[in-house]
Amino acid sequence: AVVSTQSTGGGRGNVKFKTARNTAPKICENGDKGECYELKLNLKVLADIGFVGKPSAGKSTLLSKISNAKPKIAEYEFTTLNPQLGIVAASDKKTFVVADLPGLIEGASQGRGLGIEFLKHIERCKIIAHIVDFGSEQKDPLSDFLVINNELKKYSLGLEKRKQVVIANKSDMKNFEANCLKFTKKFPDIEIIKISALKEKNISELKFKLFDELQKSKPLEYKKNKSEITIELKDDITVKNPFIGMFDVEGEGVERIYNKIPLVS
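Let me sum up the structure you'll find in this document. Just so you know, these numbers come straight off a predicted model, no measurement behind them. Position numbers for residues count from 1 along each chain, tracking the sequence in the order it is written. For a predicted model such as this one, the threshold for reporting local features is a pLDDT of at least 70, and the threshold for listing and counting side-chain atom pairs is 80 or more; totals across whole chains, interfaces and linings nevertheless cover every residue. Side-chain descriptors were evaluated using all non-hydrogen atoms of the structure, hydrogens and water having been removed beforehand.

## Details of the overall build of the chain
Then, number 1: Along the backbone of the chain there are six helices and eight strands.
Then, number 2: Put simply, the chain has 265 residues, and 37% of those count as buried.
Then, number 3: As displayed, the chain offers around 18,100 Å² of accessible surface, 51% of which is attributable to carbon and sulfur atoms. Secondary structure elements are taken from DSSP: a helix is a run of H or I of four residues or more, a strand is a run of E of two residues or more, and numbering for both begins at the N terminus. Any residue under 20% of the maximum accessible area for its type is buried, any over 50% is exposed, and the rest in between are partly exposed; the area is computed with a 1.4 Å probe on protein chains only. All accessibility values rest on the Shrake-Rupley procedure with a 1.4 Å probe; residue burial counts only the protein chains present in the view.

## Considerations on the packing of helix H1 (residues 59–66) against helix H5 (residues 203–216)
Then, number 1: Two elements in contact, H1 and H5, have axes separated by 11 Å at closest approach and are oriented at 90°. One way to sum up the angle between H1 and H5 is to call them roughly perpendicular. On the side of H1, the interface is formed by Leu-62, Lys-65 and Ile-66, while H5 contributes Ile-203, Leu-206 and Lys-207.
Then, number 2: Three classes are used: nonpolar for Ala, Val, Leu, Ile, Met, Phe, Trp, Tyr, Cys and Pro, charged for Asp, Glu, Lys and Arg, and polar for all others, with Gly counted as polar. Partitioned by chemical class, the residues of the contact of H1 with H5 number four nonpolar, no polar and two charged. Geometry is summarised by axes, namely lines fitted to C-alpha atoms with helices restricted to the contacting stretch, and by angles between N-to-C directions that run from 0 to 180 degrees. For classification, angles of less than 35 degrees are called roughly parallel, those exceeding 145 degrees roughly antiparallel, those between 65 and 115 degrees roughly perpendicular, and all remaining angles oblique. Any pair of residues with heavy atoms lying within 4.5 Å of one another is described as a contacting pair.

## Regarding the environment of Leu-85
Then, number 1: With respect to the helices and strands, Leu-85 occurs in strand E2 (residues 84–89).
Then, number 2: Take Leu-85: its relative accessible area is 43%, and that puts it in the partly exposed class.

## Considering helix H3 (residues 141–154)
Then, number 1: A helix's residues, less one, multiplied by 1.5 Å, set its expected span. The terminal C-alpha atoms of H3, which comprises 14 residues, lie 20 Å apart, in line with the 20 Å expected from a rise of 1.5 Å per residue.
Then, number 2: All of the buried residues in H3 are Pro-141, Leu-142, Asp-144, Phe-145, Val-147, Ile-148, Asn-149, Glu-151 and Leu-152.

## Observations concerning the packing of H3 against helix H4 (residues 176–186)
Packed helix pairs are specified by the crossing angle of their axes together with the interaxial distance, meaning the distance between the axes.
Then, number 1: Two numbers describe how H3 lies on H4: the axes approach to 9 Å, and their chain directions differ by 50°. One finds that H3 runs oblique with respect to H4. Between H3 and H4, the residues in contact are Pro-141, Leu-142 and Phe-145 and Asn-179, Lys-182, Phe-183 and Lys-186, respectively.
Then, number 2: Partitioning the contact of H3 with H4 into residue classes produces four nonpolar, one polar and two charged.

## Side note on the nonpolar core
Then, number 1: The criterion is simple. A nonpolar core is a set of buried Ala, Val, Leu, Ile, Met, Phe, Trp, Tyr and Cys residues joined through side-chain atoms within 4.5 Å. Ile-49, Phe-51, Leu-62, Phe-96, Val-98 and Ile-167 are the most contacted members of the largest nonpolar core, which totals 24 residues.
Then, number 2: Among the elements of the structure, strand E1 (49–52), H1, strand E3 (95–100), strand E4 (127–133), strand E5 (163–169) and H5 are those that each provide at least two residues to this core.
Then, number 3: Dropping the residues within four chain positions of it, Ile-167 is found in contact with Leu-62, Ala-129, His-130, Ile-131, Val-132, Ile-193, Ile-195 and Leu-206.

## Considering unusual backbone geometry
Across the chain, the bulk of peptide bonds are trans and the bulk of non-glycine residues have phi less than zero.
Then, number 1: For Glu-200, which is not a glycine, the phi torsion comes out positive at approximately 60°.
Then, number 2: Along the chain, Glu-200 falls in the loop between strand E6 (192–194) and H5.
Then, number 3: Classification of Glu-200 by relative accessible area gives partly exposed; the value is 48%.
Then, number 4: Not every positive phi belongs to a glycine, and Asn-202 is a case in point at roughly 60°.
Then, number 5: Take Asn-202: it is sitting in the loop between E6 and H5.
Then, number 6: By relative accessible area, Asn-202 is classed as partly exposed at 36%.

So, in structure tokens, the structure goes:
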């Protein structure tokens, strides 16, 4: 439980004003005024692994194949408008949570597309599963890979340093192997996992790979924002004498007494 505002003491009820002559008083006190703030809450999805990638890379299809989630799947971009969660079972005792995030485009960290609204959800993911379309003719997997990683870096939360698993999707298409060779030549130190989400190729292997990487990952550390509060001490009650015969009594102490008096008693 989180306490955002602190309550104060309650007022005295009519029993406290009972006397021998007035056994049923009809007066009471209000409680002291509590704290009042205007809060802006930022909701973030809690998942072990986050799916990121360009639109139409196959993230929603993959989520539907490795979990019981039923995300919307269509042949046009930006089908996913909200993060979708799914529970993946690598075996009976090996389960983890994945989040399918809306497709990112160049400039997402500055507000283009839907990315700025959902990059924040990746903060809670221990591992980033970068899904890249290696099969479609109109896609350039090398460029897509660099664009997404550049946006993660620009978001300025160290996301580019987070453990990343590169998933080469659409192995059932003719351009797949040629694109894999280009990618491994450009990035020889990066391991890629070849799958076809549509044809369900290597899905089981992918589940175990993600689970193994999750077991190796370290707990996330969050930076605490430090803030300084200036406290100004004021007199509880001040008395001013603007002219002879006139006194102004003011201060927080006077306000507390005044606020305890109910308007109807």
